[in-house]
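# Geometric and topological summary
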Amino acid sequence: MSPPISMGSDGYYHPSTEAELAALVKWAHDTNRQVRVRGSTHTFPHRAIFTDRDPGKVRLEINVMLDRYRAVRWVDEVQGIVEVEAGCNLSINPYDPTGTSTVKNGLLYQLQQKGWALSDLGGISHQTVSGFLATGSSGGSLKFGIDENILKLRLIDGTGRIHEVSRDQDPDLFHAAGVSMGLLGVVSSFTFQCVPTYNIQGSESTSTTHDCEIDLFGPGTDGKPSFEQFLRETDYSRLMWWPQRGLDRMVVWKARRIPASPGFVPKPYEEMGRYPEGSEVLAGLLLSILGNLDDLRLLPQKIEPIFSQLDATLLEDIQKMGFDPRVADALSTVVAALLEAGVDGLLEFPGIELAGRLLKEALPSIVPVIYKEFVPLDGEKQPPGPQEFCDYWWTGLPMDNGMDDILMPTWFTEIWIPVSKTQAVMTTLRDFFAAGGLKATGTFSFELYGTKASPFWMSASSDGEPVVRVDVFWFGYNAGDPAIDFYPQFWELLKPFGFKLHWGKFLPNDPPPAKVWAKYLAKQFKHWNAFMALRARLDPRNIFLTAYWREHLGLEDAMPKRPIPAPLPKPDPFATEAWASAERAVTLYSWLILVAVVYGLLAAHLPFLIGHPWTTCKPYADPLGCVLTFHFWEVPIVLYQIAFAVYGLRGLKAHAARYASLVAFTAALLAIFALFEVLLILDSFQRGAPAWEIAALFSVATMLMAGVALGLYTRLKLASALSPKR
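Quick caveat: nothing in here was measured; it's all calculated off a predicted structure.

By the definition in use, this model includes one disulfide. Between the sulfur of Cys617 and that of Cys626 lies a disulfide, 2.1 Å long from S to S. On the sign convention where negative is left-handed, the bridge of Cys617 and Cys626, at about -65° about the S-S bond, is left-handed. Judged on exposure class, the residue Cys617 and its partner Cys626 are both buried. Free of any disulfide, Cys88 has its nearest neighbouring cysteine sulfur in Cys194, separated by 12 Å.

In structure tokens, the structure reads:
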């Protein structure tokens, strides 16, 4: 039985209509295939999104991407009622693999153009509408919530049948499907009742917890509201807590609604200052180093994504400095190459493991000193004081849109606790951090939000009471698994408060037969059993139920079971003649560099040792200064070449792509060095230098030019060998 539409070369099915989407689901049902729909992949871990095997790996599984299904249709423009297809992004998704997501085809821009808005938004707006809502995502407000904007939705169940439901039409299914993790079916569209557009005005202040404008750990004092009171009274807010001993920073972002007005001039919030890209690079590298001190040699593999886009990232900041675009492009390329070479070269030197261990021992003392530069108090900022901002609702509420997921990948578990328990939660966390040190705080921050109560059964703010959210951050390039190494201490610590968890973030590992966490969560949701019964009825063949969701919802025994396909054998990307040829070229190139370095050192210093020093600096009034100048210019280049050669000879397979990206820079450096030698040869002829000097210079220049030619040849070989992997 053939599929209703063909699978794309990327391993996804790309329906363009609701009929095609429903036909795919029916085909999955009829042929007993697993099916899942991806959004922007902002869910962690990604196993929660896809089928049991990655897209395209097993043809018995169907992974769907809705990039061709993102229309926005006005039902009643005068009343602000709009229907939105499930694949529509809230705003531009810069990581969209199809490259078709734009600001203008995003929902928020289209609402703003018509004078309408949504009541609240999350910290970013890359997500698809359906992905944002299906996981129970929310912004930071106890006054407003996006759930209140939802009028109705259309759901394709596990048999391919389409249901249109609202609060009045099949309210149980409406309240179950609003947050359903894709387990009841595929939501094909949402209909929203929008609110009139508005702007926001706010500030961000940084203080110690003691000097914070909020009584963070108490019931409130004169002039200082309790944290719960602050959450209830503030339109929108987000707190970022850096609790490391000796640092103790609380960053308070808050905003209020102001009426939209003609001639409004926004002053956007700047999360990372005037030069955010450079700041993110530095912060990302710092956190990566601190998160891999147990084995720094693994770091290059971890941070490869940073270096893959480093030159483009730095270009944005360099252009802001007023450089000509061509100069800025060249500078960004050179700086990126030098930074990558410096980091990679440093990590290849002997003794780096010892340095990592020593640094880890000193970490409690080092962290506060370094982090204070990144999180300065208001009085230490330039200019001093809180940051003031004002913006349109749709660009201002997603305050983290400026953060780059590649430079600063941030993973977290979101723990949602009834807001009435806020003071007890905060004091528990404070005492835990004080007693546990860096083991408890980690090297990243903690995010604190409030969220309005939701009517949807499986929302983490369901059952009538708003919540305070504790987001436990983990830097994405850290060594280890946060669900094993870091988050469990917080799940256990806060367990007595009766928390729920955000379904789109990390959940506890929950192996059978104990199912401790599935049983715990089941007790927290009033409608848990009703939701599970509805799931079983709407998806009778469990086509939406993956191994990930079986584990985390305690449904391992849900029938019928689907055998997990055997994993496909992974081909060895290095078992090719192209790679063998490239590896030989790299080895030859590396040894040529090392031989050239040794030869150059001998040519430069041996004549002096045998009593025939070079005459190059004799014409100058300060020969010693001339010699030092030569060394100032040549020594860094020589050290870089040594590091690069060692880099090519040690574990090339682990860093082949990074090595390939540096070859062109290295060849260019050799070409510059060769040109310098040519200039010295011309000068030697003009001065009438001894013939042996001219011959020595000529031999060095020849060797350098050979290095340039071999470098370019090596680059071509690597490009050929790596191209099948790209």
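What follows deals with unusual backbone geometry. In this structure, Pro513 follows Pro512 across a cis peptide bond, with omega equal to 5°. Within the element layout of this structure, Pro513 appears in the loop between strand E17 (500-501) and helix H18 (516-524). Here the amide bond leading from Met559 into Pro560 is cis, since omega sits at 0°, within 30 degrees of zero. On the secondary structure map, Pro560 appears in the loop between helix H20 (547-553) and helix H21 (577-609). Despite not being glycine, Asp170 shows a phi value in the positive range, around 55°. Tracing the backbone shows Asp170 in the loop between strand E7 (162-166) and helix H4 (171-177). Look at Asp248: it is not a glycine, yet its phi comes out positive at around 50°. For Asp248, the position within the fold is in the loop between strand E11 (236-242) and strand E12 (249-259).

Glancing now at a nonpolar patch on the surface. On the surface, a nonpolar cluster with roughly 650 Å² of combined accessible area is contributed by Val598, Leu602, Leu606, Phe608, Leu609 and Ile610. You can call Phe608 exposed: its relative accessible area is 59%.

With that settled, consider the sheet that holds strand E3 (residues 72-76). Strand pairing in a sheet relies on backbone hydrogen bonds. The paired strands run either parallel or antiparallel. Strand order in this open sheet of five strands is E3-E4-E8-E6-E7, and the pairing throughout is antiparallel. This sheet does not close on itself; its edge strands, each paired only once, are E3 and E7. Strand-to-strand twist in this sheet, taken as the mean axis angle between neighbours without regard to direction, amounts to 20°. Where helix H1 (residues 18-31) meets the sheet, its contacts fall on strand E6 (150-156), E7 and strand E8 (186-193), and the angle it forms with E6 comes to roughly 50°.

Quick look at the packing of helix H11 (residues 352-361) against helix H12 (residues 363-374) now. Between H11 and H12, the least distance of the axes is 5 Å, while the angle of their chain directions is 75°. Put simply, H11 runs roughly perpendicular to H12. Facing Leu359, Lys360 and Glu361 of H11, the residues of H12 in contact are Leu363, Pro364 and Ile366. Partitioning the contact of H11 with H12 into residue classes produces four nonpolar, no polar and two charged.

Analysis parameters
Residues numbered from 1 in each chain as written. Predicted model: local features only at pLDDT ≥ 70, side-chain atom pairs only at ≥ 80, totals over all residues. Heavy atoms only, no water. Disulfide = S-S within 2.5 Å. Buried < 20%, exposed > 50% of the residue type's maximum accessible area, 1.4 Å probe, protein only. Helix = DSSP H or I, 4+ residues; strand = E, 2+ residues; numbered from the N terminus. Patch = residues over 30% accessible without salt bridge, like charges linked within 9 Å, V, L, I, M, F, W, Y side chains within 5 Å. Areas by Shrake-Rupley, 256 points an atom, 1.4 Å probe, with all protein chains shown as cover. Salt bridge = Lys/Arg side-chain N within 4 Å of Asp/Glu carboxyl O. Pairing = 2+ DSSP bridges. Axes fitted to C-alpha atoms, helices over the stretch in contact; angles between N-to-C directions. Contact = heavy atoms within 4.5 Å. Parallel < 35°, antiparallel > 145°, perpendicular 65-115°, else oblique. Nonpolar A, V, L, I, M, F, W, Y, C, P; charged D, E, K, R; others polar.

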